[in-house]
Amino acid sequence: MKQFKVDEAFVDQLTLAEKAALVSGKDFWYTAGVQRLNVGRMMMTDGPSGLRKQEEGTDATGVNKSVTAVNFPGSALAASTFDREMMHDTGKALGTAASHEQISLLLGPGMNIKRSPLAGRNFEYFSEDPYLTGEIAAAYVRGVQEMGVGVSIKHFAANNRESQRFTNSSNMSERVLREIYLAAFEKVVVDVHPASVMVSYNAINGTLNSQNQWLLTDVLRHEWGFDGLILSDWGAVVDQVAALRAGLNLEMPGHSPESEDAVINGVKSGELSMATLNRAVLYVLKTVEKWGSTQEVSPYPMDEQHTKAREAADDGLILLKNESAMLPIKPQDRLAIVGAFANQPRYQGSGSSHVNAYQVVTPLDAARALPNDISYAPGYAIDGDDADQSMIDEAVANAQSADKVVFFAVFPESMESEGFDKTTMSLPEAQVKLLNQILSVNPHVVVVLQNGSVVEMPWADQVPAILETYLAGEAVGEATWDILSGAVNPSGKLAETFPLKLADNPTYGTFARSYSEENYHEGLFVGYRYYDVKQQPVRFAFGHGLSYTTFKYSGLKVVDQGDSVAVTFKLTNTGKRSGREAVQVYVANHASTVEMPIKTLAGFEKTTLAAGESQLVSITLPRRAFSWYDESKPGWRVDNGSYDILVGSASDDIRLQKTIWLNWAAAQDRVTLDSYINDVMDDSSLAPAAAKSGLDAVFEKLRAAGPGAAFLMNMPIRQVLTLGATDDQLSQFLKLANRSTHSKRE
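Described in the following lines is the structure provided in the data block. (Residues numbered from 1 in each chain as written. Predicted model: local features only at pLDDT ≥ 70, side-chain atom pairs only at ≥ 80, totals over all residues. Heavy atoms only, no water.)

1. Remarks on the overall build of the chain
Here is step 1: Of the regular secondary structure elements, the chain holds 22 helices and 28 strands.
Here is step 2: Taking 27 Å as the expected radius of gyration for a compact globule of 746 residues, we find that the chain reaches 29 Å, a close match to that expectation.
Here is step 3: With the principal axes as the frame, the chain shows a C-alpha extent of 85 × 80 × 50 Å.
Here is step 4: Per-residue burial for the chain yields a buried fraction of 62% across its 746 residues.
Here is step 5: Considering only residue pairs separated by 6 or more positions, the chain has 76% of its internal contacts joining residues 24 or more positions apart. (Helix = DSSP H or I, 4+ residues; strand = E, 2+ residues; numbered from the N terminus. Rg over C-alpha atoms; globule rule 2.2 N^0.38 Å. Buried < 20%, exposed > 50% of the residue type's maximum accessible area, 1.4 Å probe, protein only. Contact = heavy atoms within 4.5 Å.)

Shown next, in the form of structure tokens:
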């Protein structure tokens, strides 16, 4: 169809009925067109990890008739790569496939935070950490959109459970919302300019997101400067007129003629202004103009994309445990492969992200290409917790005669999907019982996990090696054996914490308990932030992942650059083979006198080193890495004071540390009349001011009084007047104290 030029004059040519149609999806996948003005339809499709384009004439929700497409690793595994370049390449591959299929908008990536391990859609989200989520998502979006296909980042915002997802309200403070649940969206919107943002079903603090003017207009449009399309998740609009007024542009899918009639009647009644409707229409038309697909269909290299999917999986698989160098498997090892999922792997999520994969290679198929002597026994049924005794006996007998057992432990699709939340983190009982029986006859067991999110592992101490594959995509078999055999050195790192048990999680006992409300009692303390502050032991920490080589960190330098901090250090491969390491930089804020996590991820870099090679790693931490959201202003705030820069291989494996004093904020009185006496007395830098003003005499009396004076020290400094100080002494002390702290730099 002939291209058109969109501006306000073009919108004025449209009839009210045409405008109403344009802001209401034509059907399940298309926007409406306006044939008389050469405005064509625009198609969108699911596809965070592969295209789910529905064939013409098929039902909208079915997956069996969708086009064949390469299935890449799910988002949980993609984030575990800690690799922006790999995610960018994956995005380009998906953009190429979407362009071939004449898709204008690819619905993804999912960017919601993994707040609870029971959230049913965690497999489709990146991480419990907003910084990692934003960085990986930004790389994905760049890749897709470089190929001429737009994305729709989702689900905006605070959509962290599946149960009653259409109606429940996510309740939290604005600081928590900004720092944890909006931060990744802000990163992608501001830095990468996605074509569209998909608004989620839920409410925030009682207001439906599709009708939330503060969220859609004040924050997304005005504050972040978003100039793309704001569309609803499928069925998220309750009142289209209210949604349009709040800032939504497109309801998906449309419900003709009801949706169009609601818009027309809203304008006629005065409930919806023509200016508001025109604004929404303009955003729809600009998106069609920029991203509407008009190119001829051409082939694209699926075999090459399958190879890319394998490389992405290789990059993300996480070696969680490897006692006594159980892995890699040696060519002479006699192997017993146990588990039905070795032959029928769980490699992708269910629901809207499910695709018809191009070429699934099972772990059992890939194993047959190895030089090893291999036996296979399913051991348990794919569905259900029951197992035939003969299956158990066969698996145990095979294990008993093998050098090593490779046991596939899987959280089945029936227990983990879009649309409902999980009730447990435990593997099916039949799998656990079989694993324990095998361990009793052969302790040399490697557990290979296939799962969408966190798994409880009470058996982990008895197993010498554990490989986490998450949902690894169609190359699951090849990638699994790439790591197990040592053909590829593992380099994945956990993008979420694995607690010892479900009850350790901060949402335990409250998650999805109310049909109408989800109260975020834990506030800022999500994932590793919670386990850190509670000093709670975990099974595997955020950022954890082993290698077949070793790395040494040394020579940390930290430089204040005025509005950013430069971090440099040397990384050395001290092992005997090439490897990749995802180094992580955390910031610990000791300057701010508000609730703060012990540390937060602020930077990461993935680097490749040959055996014995060293490399200087440089990471710049921007102002935002040292900021917190101050609701009283409101805005992002940096406080003057000390910050620790922590560099390590995981959140619980910090190798290097330095403290830096930042003086970036406008000069503020560090000591006020409300400052507490004990804080002032404990600060040695204030001793000269106390001595010169004469307050040191009061402080010495308090110290000499011993523990009995503790209650006096726990008073504001203004109370020194009741302890014998004069007004002049107090005034002089405040003047001297603040003069010194304003100029202090370390």
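2. What about the pattern of salt bridges?
Here is step 1: Inspection of every chain in the model, using the stated rule, returns 46 salt bridges.
Here is step 2: The shortest N-O distance in the salt bridge between glutamate 478 and arginine 310 comes to 3.4 Å. In this pair, glutamate 478 sits in helix H16 (residues 476-485) while arginine 310 sits in helix H12 (residues 302-316), placing the two residues 168 residues apart along the sequence.
Here is step 3: Note on glutamate 478: relative accessible area 16%, which makes it buried.
Here is step 4: Of the residues examined, arginine 310 reaches a relative accessible area of 29% and is grouped as partly exposed.
Here is step 5: The closest approach of N and O atoms between arginine 637 and aspartate 639, which form a salt bridge, is 2.5 Å. (Salt bridge = Lys/Arg side-chain N within 4 Å of Asp/Glu carboxyl O.)

3. Overview of the packing of aromatic side chains
Here is step 1: Scanning all chains against the criterion turns up 20 aromatic pairs.
Here is step 2: Ring centres of tyrosine 380 and phenylalanine 407 lie 6.3 Å apart, and the angle between their planes is 50°; this geometry places the pair in the tilted category. Here tyrosine 380, found in the loop between strand S13 (374-377) and helix H14 (389-400), pairs with phenylalanine 407, found in strand S14 (residues 404-410); they are 27 residues apart in sequence, far enough to count as distant. For the residue pair tyrosine 380 and phenylalanine 407, the accessibility class agrees, reading buried in each case.
Here is step 3: Sitting above the plane of the tyrosine 30 ring, arginine 41 keeps its charged end 3.7 Å from the centroid.
Here is step 4: Just above the ring of tyrosine 586 sits the side chain of lysine 599; from NZ or CZ to the centre is 5.8 Å. (Phe/Tyr/Trp six-rings, centres within 6.5 Å; stacked < 30°, edge-to-face > 60°. Lys NZ or Arg CZ within 6 Å of the ring centre and 35° of its normal.)

4. Observations regarding the pairing of strand S26 (residues 635-638)
Here is step 1: Relative to S26, strand S25 (residues 627-630) is paired through four bridges, and the arrangement is antiparallel. Within S26, the residue paired with serine 627 across the bridge is valine 638.
Here is step 2: What sits between S25 and S26 in their antiparallel hairpin is a turn of four residues. (Pairing = 2+ DSSP bridges.)

5. A look at the nonpolar core
Here is step 1: Core analysis: the biggest nonpolar cluster contains 115 residues, and Met44, Ile153, Phe156, Tyr181, Trp234 and Leu285 have the highest contact counts within it.
Here is step 2: With nine residues, helix H11 (residues 274-291) is the largest single contributor of residues to this core.
Here is step 3: Listed in part, the 71 residues of the second largest apolar core include Val406, Ala465, Ile466 and Phe540. (Core = buried A, V, L, I, M, F, W, Y, C linked by side-chain atoms within 4.5 Å.)

6. Considerations on the side chain of lysine 19
Here is step 1: When you line up the elements, lysine 19 lands in helix H2 (residues 16-22).
Here is step 2: Look at lysine 19: it is buried, it has no salt bridge, and the nearest opposite charge is aspartate 12 at 5.0 Å.
Here is step 3: Leave out the neighbours within four places in its chain, and lysine 19 touches Val11, Leu14, Met274, Leu277, Asn278 and Val281. (Lys, Arg positive; Asp, Glu negative; His and termini not counted.)

7. What to know about the environment of aspartate 227
Here is step 1: Here aspartate 227 shows up in the loop between helix H8 (213-223) and strand S9 (229-232).
Here is step 2: Of the residues examined, aspartate 227 reaches a relative accessible area of 56% and is grouped as exposed.
Here is step 3: Sequence-wise, aspartate 227 and aspartate 315 are 88 residues apart; in three dimensions their C-alpha atoms are separated by 34 Å.
Here is step 4: In this view, aspartate 227 contacts Arg221 and Tyr283; residues no more than four positions away in its chain are not counted.

8. Let's talk about the sheet that holds strand S6 (residues 196-199)
Here is step 1: Strand order in this open sheet of five strands is S1-S3-S4-S6-S9, and the pairing throughout is parallel. Both edges of this open sheet fall to strand S1 (44-46) and S9, since each of them pairs with a single strand only. Geometrically, the sheet is characterised by an average inter-axis angle of 30° between neighbouring strands, direction not taken into account.
Here is step 2: Lying on the sheet, helix H5 (residues 130-146) is in contact with strand S3 (105-107) and strand S4 (150-156); it crosses S4 at an angle near 150°. (Axes fitted to C-alpha atoms, helices over the stretch in contact; angles between N-to-C directions.)

9. Considering the sheet that holds strand S18 (residues 517-519)
Here is step 1: Taken in spatial order, the four strands of this open sheet run S8-S7-S5-S18, and their pairing is mixed. Two strands bound the open sheet, and with one partner strand each, they are strand S8 (207-208) and S18.
Here is step 2: As judged from the two bridges shared by strand S5 (residues 169-171) and strand S7 (residues 203-204), these two strands associate in the parallel manner. What sits directly across from serine 169, in S7, is alanine 203.

10. Comments concerning the packing of helix H4 (residues 84-100) against H5
Here is step 1: For the pair H4 and H5, interaxial distance at closest approach is 6 Å and the crossing angle is 35°. Here the hand of the crossing between H4 and H5 comes out right-handed. Where H4 approaches H5, its residues Arg84, Met87, His88, Gly91, Lys92, Leu94 and Gly95 are matched on the opposing element by Tyr131, Glu135, Ile136, Ala139, Tyr140, Arg142, Gly143, Val144 and Glu146.
Here is step 2: The class makeup of the residues in the contact of H4 with H5 is seven nonpolar, four polar and five charged. (Left-handed = near helix turned anticlockwise from the far one by under 90°. Nonpolar A, V, L, I, M, F, W, Y, C, P; charged D, E, K, R; others polar.)

11. Re the side chain of histidine 544
Here is step 1: Of note, histidine 544 is situated in the loop between strand S19 (538-540) and strand S20 (551-560).
Here is step 2: In this structure histidine 544 comes out as buried when scored by relative accessible area, which is 16%.
Here is step 3: Ignoring anything within four residues of it in the chain, the contact list for histidine 544 reads Ile318, Leu319, Leu320, Gly492, Lys493, Leu494 and Ala650.

12. Overview of the environment of aspartate 385
Here is step 1: Here aspartate 385 shows up in the loop between S13 and H14.
Here is step 2: Sequence separation between aspartate 385 and alanine 21 is 364 residues; the distance between their C-alpha atoms is 50 Å.
Here is step 3: Beyond its immediate chain neighbours, meaning those up to four positions away, aspartate 385 contacts Pro428, Glu429 and Ala430.

13. Section: H8
Think of an α-helix as 3.6 residues a turn; residues three or four steps apart then line up on the same face.
Here is step 1: Within H8, burial applies to Leu215, Leu216, Thr217, Val219, Leu220 and Arg221.
Here is step 2: Put simply, asparagine 212 is the residue that caps the front of H8, since its side-chain oxygen is 3.2 Å from the backbone nitrogen of tryptophan 214.
Here is step 3: Just downstream of H8, glycine 225 is the residue with a positive phi angle, here 75°. (Polar contact = N/O pair within 3.5 Å; in protein donor to acceptor, adjacent residues only side chain to side chain.)

14. Brief notes about H4
Here is step 1: Its 17 residues give H4 an end-to-end C-alpha distance of 24 Å, which sits within 8% of 24 Å, the value for a rise of 1.5 Å per residue.
Here is step 2: In terms of burial, H4 is largely enclosed, as 12 of its 17 residues are buried.
Here is step 3: Within H4, the full set of buried residues consists of Met86, Met87, His88, Thr90, Gly91, Ala93, Leu94, Gly95, Ala97, Ala98, Ser99 and His100.
Here is step 4: Its side-chain oxygen at 3.1 Å from the backbone nitrogen of glutamate 85, aspartate 83 defines the N-terminal cap of H4.
Here is step 5: At the C-terminal side of H4, glutamine 102 shows a positive phi close to 60°. (Expected span 1.5 Å × (residues − 1).)

15. Overview of unusual backbone geometry
Here is step 1: In the segment running from methionine 252 into proline 253, the intervening peptide bond is cis, with an omega of -15°.
Here is step 2: With respect to the helices and strands, proline 253 occurs in the loop between helix H9 (240-246) and helix H10 (258-269).
Here is step 3: A cis amide bond links lysine 633 with the next residue in sequence, proline 634, at an omega value of -5°.
Here is step 4: Residue placement: proline 634 occurs in the loop between S25 and S26.
Here is step 5: Unlike most non-glycine residues, glutamine 102 shows phi in positive territory, near 60°.
Here is step 6: Turning to its location among the elements, glutamine 102 is positioned in the loop between H4 and S3.
Here is step 7: When its relative accessible area of 30% is taken as the criterion, glutamine 102 is described as partly exposed.
Here is step 8: One non-glycine residue, alanine 512, lies in positive phi territory at about 55°.

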